[in-house]
Amino acid sequence: ELRQMEYVNPGAIEEYQRVAERHEFLTGQRDDLQKARIDLEKMIEELTEQMQNQFVQSFRQINENFERIFPLLFGGGQAKMILQDEQNALTCDIDIMAQPPGKKPRYITLLSGGERALTAIALLFAMLEMRATPFCILDEIEAALDEENLVLFANFMKTYSSKTQFLVITHRRPSMEAATALYGIAMEEKGVSKVVSVKFEEAG
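Conventions we followed
Residues numbered from 1 in each chain as written. Predicted model: local features only at pLDDT ≥ 70, side-chain atom pairs only at ≥ 80, totals over all residues. Heavy atoms only, no water. Helix = DSSP H or I, 4+ residues; strand = E, 2+ residues; numbered from the N terminus. Buried < 20%, exposed > 50% of the residue type's maximum accessible area, 1.4 Å probe, protein only. Contact = heavy atoms within 4.5 Å. Areas by Shrake-Rupley, 256 points an atom, 1.4 Å probe, with all protein chains shown as cover. pLDDT = per-residue confidence, 0-100. Pairing = 2+ DSSP bridges. Core = buried A, V, L, I, M, F, W, Y, C linked by side-chain atoms within 4.5 Å.

### Describing the overall build of the chain
Scanning the chain from terminus to terminus reveals 5 helices and 7 strands. Starting at the N terminus, the α and β elements of the chain follow one another as α-β-β-β-α-β-α-β-α-β-β-α. Its C-alpha atoms give the chain principal-axis dimensions of about 115 × 50 × 30 Å. Here the chain holds 204 residues, and the buried ones make up 25% of them. Sequence-distant contacts in the chain: of pairs separated by 6 or more residues, those separated by 24 or more amount to 50%. Summed over all atoms, the accessible surface of the chain reaches about 15100 Å², with 54% contributed by carbon and sulfur.

This is the structure we're talking about:
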């Protein structure tokens with residue numbers, strides 16, 4: 001019977017103990033990782049829910065501001081933002097419906113270039129209204145506006161300047177006329193640039 005058993009490892013007991021200890025250690029590591037994964041998934045789920053609730057709340061506030069500011073900029077009409085799926089607010093699409101004065105309600109993609117630009121400006125001011133900043137830089141934001149809409153934008157920005165100071169980079173005259181100070185670059189001599197400034201409050 002001993003011969004049939006062939007080779008017997010005399011160190012099997014010690015080897016078994018080493019393997020058992022290693023197995024116990026790795027099993028503990030696996031259990032810790034599984035618990036950590038469950039805890040992380042739970043934390044991610046809670047954070048996602050908080051983010052979604054905060055996003056929906058902020059979205060509603062911005063939408064209210066947008067609905068109020070749009071007719072002020074356009075001189076009438078109405079607009080709103082629509083969440084396609086409020087239950088999945090972080091991943092769903094957002095539609096913007098706008099109705100300039102005298103026109104039918106349309107998606108923003110169907111508006112003219114100037115109307116789209118003015119709608120986007122209304123949305124920008126709606127966000128500023130929610131969390132006003134003391135200083136805002138606008139780089140040719142009104143470049144696509146026609147003269148009529150440009151005057152509406154300039155007047156609204158002038159009214160809003162009591163809350164936020166605007167630095168507007170522009171070449172459009174109505175925007176310049178709404179400013180309290182102008183800064184420009186003149187080249188009286190070839191290759192020599194000079195900063196020119198005008199403050200209308202002092203001149204008036």
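### What to know about the confidence of the model for the chain
The pLDDT averaged across the chain works out to 86; a share of 97% of its residues lies at or above 70. No element of the chain has a lower mean pLDDT than helix α5 (residues 200–203), at 58, and none a higher one than strand β1 (residues 78–83), at 93.

### What to know about the pairing of β1
Residues Ala79, Met81 and Leu83 line the buried face of β1, whereas the alternating positions Gln78, Lys80 and Ile82 sit on a face that is not buried. One ladder, built from 6 bridges, connects β1 with strand β2 (residues 94–99); its direction is antiparallel. When the sheet's bridge partners are listed, methionine 81 is paired in β2 with isoleucine 96.

### So, the nonpolar core
One finds Phe66, Leu73, Phe125, Phe153 and Phe166 to be the most contacted residues of the largest nonpolar core, which totals 33 residues. Listed by contribution, the elements that provide at least two residues to this core are α1 (12–74), β1, β2, α2 (113–130), β4 (135–139) and α3 (147–160).

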